[in-house]
Amino acid sequence: MPAVSRIDSLIAAMTLAEKLGQLTMTASSFTVTGPVIAGDSTESIRSGALGNLLNMVGPEPVRQMQRLAVEDSRLKIPLLIGLDIIHGHRSLFPVPLAEAGLFDPATWEATAREAAIEGAADGLAMTFAPMCDVSRDPRWGRTVEGPGEDSYVASRMAAAKVRGFQGTDLAAPDALAAVAKHFVAYGPVTAGREYASVDVSERTLHEVHLPAFAAAVAAGAAAVMPAFTDLAGVPLTAHVPLLRDWLRGRLGFDGVIISDYNAIRELINHGVAADLVQAAALALDAGVDIDMMGDAYRQGLPEALQRGLVSMDQVDAAVRRVLLLKERLGLFDHPYGRCGTVEAPEALARRRQLARSAGARATLLLRNEHEVLPLAAPRRLALLGPLADAPGEMRGPWWAAGVAENHVSVLAGFRAALPGAQVLHAAGVGIEDAATEDAATEGTAAAGIAAAVALVEQADAVVLCLGEGAAMSGEAASRAHPVLPGRQLQLAQEVLARARGLERPAAVVLFCGRPLVIPELVELADALLVAWFPGCEAGNAVADVVLGRVGPAGRTPISWPRAVGQIPIFHGQRNSGRPENPRDHFTSKYLDVPNTPLFPFGHGLTYGRLRLSNLRLHGTVLRPGDTLEVSVDAVNEGGRAAEETVFLFTHDPVAGVARPLLELKGFAKISLAAGQRGTVRLPLRAADLAYLGPDLRPVLESGTVEVLVGPCADRSQLLAGSVEVAA
Ligand code: GLC
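About the thresholds
Residues numbered from 1 in each chain as written. Predicted model: local features only at pLDDT ≥ 70, side-chain atom pairs only at ≥ 80, totals over all residues. Heavy atoms only, no water. Helix = DSSP H or I, 4+ residues; strand = E, 2+ residues; numbered from the N terminus. Rg over C-alpha atoms; globule rule 2.2 N^0.38 Å. Buried < 20%, exposed > 50% of the residue type's maximum accessible area, 1.4 Å probe, protein only. Areas by Shrake-Rupley, 256 points an atom, 1.4 Å probe, with all protein chains shown as cover. Lys, Arg positive; Asp, Glu negative; His and termini not counted. Charge placed at Lys NZ, Arg CZ, Asp CG, Glu CD. Expected span 1.5 Å × (residues − 1). Axes fitted to C-alpha atoms, helices over the stretch in contact; angles between N-to-C directions. Parallel < 35°, antiparallel > 145°, perpendicular 65-115°, else oblique. Left-handed = near helix turned anticlockwise from the far one by under 90°. Contact = heavy atoms within 4.5 Å. Nonpolar A, V, L, I, M, F, W, Y, C, P; charged D, E, K, R; others polar. Near = heavy atom within 4 Å. Polar contact = N/O pair within 3.5 Å; in protein donor to acceptor, adjacent residues only side chain to side chain. Domains from an automatic or database assignment. Phe/Tyr/Trp six-rings, centres within 6.5 Å; stacked < 30°, edge-to-face > 60°. Lys NZ or Arg CZ within 6 Å of the ring centre and 35° of its normal. Pairing = 2+ DSSP bridges.

## Topic: the overall build of the protein
Step number 1: Check the secondary structure of the protein and you find 20 helices and 26 strands.
Step number 2: Taken against the 2.2 N^0.38 rule, which gives 27 Å for 727 residues, the C-alpha radius of gyration of the protein at 26 Å falls within 12% of a compact globule.
Step number 3: Overall size of the protein, expressed as C-alpha extent along the three principal axes, is 80 × 65 × 50 Å.
Step number 4: Taking all 727 residues of the protein together, 60% fall into the buried category.
Step number 5: Accessible area for the protein stands at about 26100 Å²; split by element, carbon and sulfur atoms hold 53% of it.
Step number 6: One finds the centroid of the 65 positive side-chain charges in the protein at a distance of 4 Å from the centroid of its 80 negative side-chain charges.

## What about unusual backbone geometry?
Glycine aside, the phi torsion of most residues is negative, and most peptide linkages are trans.
Step number 1: The linkage connecting Ala129 with the following residue, Pro130, adopts the cis geometry, with an omega of 10°.
Step number 2: Counting through the fold element by element, Pro130 comes out in the loop between strand 4 (126-127) and helix 7 (151-166).
Step number 3: In the segment running from Lys181 into His182, the intervening peptide bond is cis, with an omega of -10°.
Step number 4: Relative to the assigned elements, His182 resides in strand 5 (residues 177-183).

## Here we look at helix 7
Step number 1: Over its 16 residues, helix 7 extends 22 Å from the first C-alpha to the last, a length consistent with the 22 Å expected when each residue adds 1.5 Å.
Step number 2: Burial analysis of helix 7 places 13 of its 16 residues in the buried class, the great majority of the element.
Step number 3: Gly167, located one to two residues past helix 7, shows a positive phi value of around 65°.

## Re the packing of helix 7 against helix 9 (residues 211-218)
Step number 1: Where helix 7 contacts helix 9, the two axes come as close as 8 Å, and the packing angle between them is 25°. Here helix 7 is positioned roughly parallel relative to helix 9, judged by the angle of their axes. The element helix 7 and its partner helix 9 pack so that their crossing is right-handed. Counting all contacts with helix 7, which are made through Ser151, Ala154, Ser155, Ala158, Ala159 and Val162, the residues of helix 9 involved are Pro211, Ala212, Ala215 and Ala216.
Step number 2: Here the residues of the contact of helix 7 with helix 9 sort into eight nonpolar, two polar and no charged.

## A closer look at the site of the ligand
Step number 1: If you check the shell around the ligand, you find Asp84, Phe128, Arg142, Lys181, His182, Met225, Phe228, Asp260, Tyr261, Met292, Trp398 and Glu475 and nothing else.
Step number 2: The contact in question runs from an oxygen atom of the ligand to an N or O atom on the side chain of Lys181, over 2.7 Å.
Step number 3: The side chain of Glu475 places a nitrogen or oxygen atom 3.0 Å from an oxygen atom of the ligand.
Step number 4: Out of a free accessible area of 310 Å², the ligand has 94% covered by protein chains.
Step number 5: The residue inventory of the shell around the ligand, partitioned by class, reads six nonpolar, one polar and five charged.

## What to know about the domain arrangement of the protein
A common way to state how big an interface is: give the accessible area lost once the parts meet.
Step number 1: Here the domain parsing of the protein yields domain 1 (363-552) and domain 2 (610-725).
Step number 2: Placing the centre of domain 1 and that of domain 2 at their C-alpha centroids yields a distance of 37 Å.

## Structural notes on the side chain of Thr556
Step number 1: Here Thr556 is to be found in the loop between helix 20 (538-546) and strand 17 (610-618).
Step number 2: Since its relative accessible area comes to 0%, Thr556 is described here as buried.
Step number 3: Not counting residues within four places of it along the chain, the set of residues in contact with Thr556 comprises Phe103, Leu364, Trp532, Pro600, Phe601, Gly602 and His603.

## Section: the packing of aromatic side chains
Step number 1: Evaluation of the coordinates by the stated rule reveals 13 aromatic pairs.
Step number 2: Each ring, one from Phe103 and one from Phe601, has its centre 5.8 Å from the other, and the planes form 90°; the classification is edge-to-face. Here Phe103 is found in the loop between helix 5 (96-100) and helix 6 (105-121), whereas its partner Phe601 is found in the loop between helix 20 and strand 17, with 498 residues between them in sequence. Across the pair, exposure class does not vary: Phe103 and Phe601 are buried alike.
Step number 3: Look at Phe183 and Trp246: their rings are 6.0 Å apart centre to centre, the planes differ by 25°, and that puts the pair in the stacked class. Placement of the pair is Phe183 in strand 5 and Trp246 in helix 10 (residues 240-250), with a sequence separation of 63 residues. Both residues of the pair, Phe183 and Trp246, belong to the buried class.
Step number 4: It is Arg136 that lies over the ring of Phe570; its NZ or CZ is 4.0 Å from the centre.
Step number 5: The ring of Trp398 carries the charged tip of Lys181 above its face, separated from the ring centre by 5.4 Å.

## Things to note about the sheet that holds strand 1 (residues 24-26)
Step number 1: The strand order across the open sheet built from eight strands is 9-6-5-4-3-2-1-10, with neighbouring strands paired in parallel fashion. The sheet terminates laterally at strand 9 (256-257) and strand 10 (291-292), the two strands that pair on one side only.
Step number 2: Pairing analysis gives two bridges linking strand 1 to strand 10, with the strands arranged parallel. Note that in strand 10 the partner of Thr24 across the bridge is Asp291.

## Focus on the sheet that holds strand 20 (residues 642-651)
Step number 1: Taken in spatial order, the five strands make up an open sheet running 18-26-25-20-21, and their pairing is mixed. Edge positions in the open sheet fall to strand 18 (621-622) and strand 21 (663-672), since each of these has one partner strand only.
Step number 2: Bridge count between strand 25 (residues 703-710) and strand 26 (residues 719-725): seven bridges; the pairing is antiparallel. The partner of Thr704 across the bridge, within strand 26, is Glu724.

## A short note on the environment of Arg578
Step number 1: Among the structural elements, Arg578 can be located in the loop between helix 20 and strand 17.
Step number 2: Remark: the alpha-carbon pair of Arg578 and Ser588, spanning ten residues in sequence, is separated by 5.7 Å.
Step number 3: Here Arg578 is in contact with Phe586, Thr587 and Ser588, once residues within four sequence places are set aside.

## Comments concerning the packing of helix 8 (residues 202-209) against helix 9
Step number 1: Following both chains from N to C, one finds helix 8 and helix 9 inclined at 45°, their axes separated by 5 Å at the closest point. In terms of their interaxial angle, helix 8 and helix 9 are classed as oblique. In this structure, helix 8 contributes Leu205, His206, Glu207, Val208 and His209 to the contact, and helix 9 contributes Pro211, Ala212 and Phe213.
Step number 2: Split into classes, the residues belonging to the contact of helix 8 with helix 9 amount to five nonpolar, two polar and one charged.

## Examining helix 20
Step number 1: Of all the nine residues making up helix 20, nine are buried; the element is thus mostly covered by neighbouring parts of the structure.
Step number 2: Those residues of helix 20 not exposed but buried are Ala538, Gly539, Asn540, Ala541, Val542, Ala543, Asp544, Val545 and Val546.
Step number 3: Positioned one or two residues after helix 20, Gly548 has a phi angle of 85°, which is positive.

What follows is the structure in structure tokens.
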């Protein structure tokens, strides 16, 4: 039966309660501020009063719930069931911020595809991902879930993740509907404080935050989730100009808009709705189709209809979009299609190998003085620190169905990698042990550190695993002091001093969900790796890199501040009228900290040594519709093979609107053996040089534009040329 007539006939037959059931998503026996809105979902599903579920996992429970809908209910409409599969389902991959640092769309897509296969095999049909939020504030915990500071990277990653999750056929039993979130500009919450109000300019909204959602929609994202936050006082959940006019009107998005968790009800807290009736009306009027966990539509829309705040046409339009999505997912024709997949063991092994490879490659080598790394295989390794034997922490904050038991700790990884060696372990301190006034506690802490230092004396080499616990980033995990937690810096000082005294090679491996403010640690550590949260194969991936079996290829997708006071700090800043000039007091700088970050966007060392030369701009005049090939020669002057990333930036020195000093327009990878030469080629289209004029409409102006190519957003490391734009 053609989808539209089936859906038309269903809508014509549905009662209001059944319609509102299709606009409601909840989880069984969850409660939110107020009465248990779902309680025992079975009766709600059977009666048609609930049409969508979240946070349910497993083919059997899903099959049971689906049976209630498609066999017991009056209209037999299948359930849509979703889960936060952010960076893997049961087999977790590195957190998105780590993956962003690969600058590798093929891997971004591949891990999403594998996550979808696992999630769909567990009966799920929707993932609340990709998270597309650009973040330039490490205080904000959700930085870990996103693409970092750059809008171009966010756009490329959003599109790759949508392709991966959805595959080529949304009705396939291994496809998940992707939900691009959190629409829009959630990252710049005030002072990095979670859920706080956001106030950015129209220009920043359009130049920095909207492009990733345009890319996700262009890639076919099935759904979009508005952010919890308000934008200049208008909550995104009720934002008519952005949801109805820009997303649906300008972009032509005809998919489903699903609220964030309880967000419709929270319009009351925002202060834009007097009660649930008004909250429900505002959200529906803005175009929100599914009410996740707020029970606002079921409780509020009947009266909103009676009072004429919304129309039945608006309700029917929302129901239609939800039913069309279920149709596109194949749920009507194959409601159990995602419950029957049993994967072969080889598939799981392959997936874990991908996780191991991605985890190793995404590792970010911040420092490697005297080429401490890779370590020669030691006979006795002191593996120290609170993150060394912490498999659960390796998951990061969004672990979905990724249980700690199937995560390889760093200790397990090194013991597997060094079967003939002694791997000695001591945590030294807890992750968050804070200094106290209590003598006994202080004594215990001192003893813990001393025990770790003692192992240094017995070992040939030291690996010190420091950082955040998994729950210290992610949602509701903003940190005003994004530093090494607890006494970890003290542990590092004593362990690294002892290692230096004994001339033992020592490397620090940092696990974190954000750039930490670590100037002291950087001074202490000759070798400093950031593993972020690598996922299920963490220990193997870290051991592969430390022992040189895989080269680190991560580049930081977000600037590392020297001080919290620099935040927000990012590479796309404007020059200002008084750019920094050390010889002129009255210029843009701090009295106490340099303007530059500790590590700039794109920074990351490898085990090779990349030298770029001979920047060539083939055809230096760009006319509308032209594409220019920018090429540069590369040679690996190091002693080991390396996977390198090369960035293409532009800068328009004179334009109708002051332009950022660096704008990322492309990136490319090149793998080179020791001594090998190659050429990196990057396309630059005339359209890439357009910018939003004073009226926020795209404009391409004639004039000279700088083209800069290099390893990171540090002008001193970039080869510079220019093109003439003939608009
Ligand atoms: C959470 C998050 C959102 C997630 C949703 C469902 O609060 O904001 O990203 O998809 O609720 O878990």
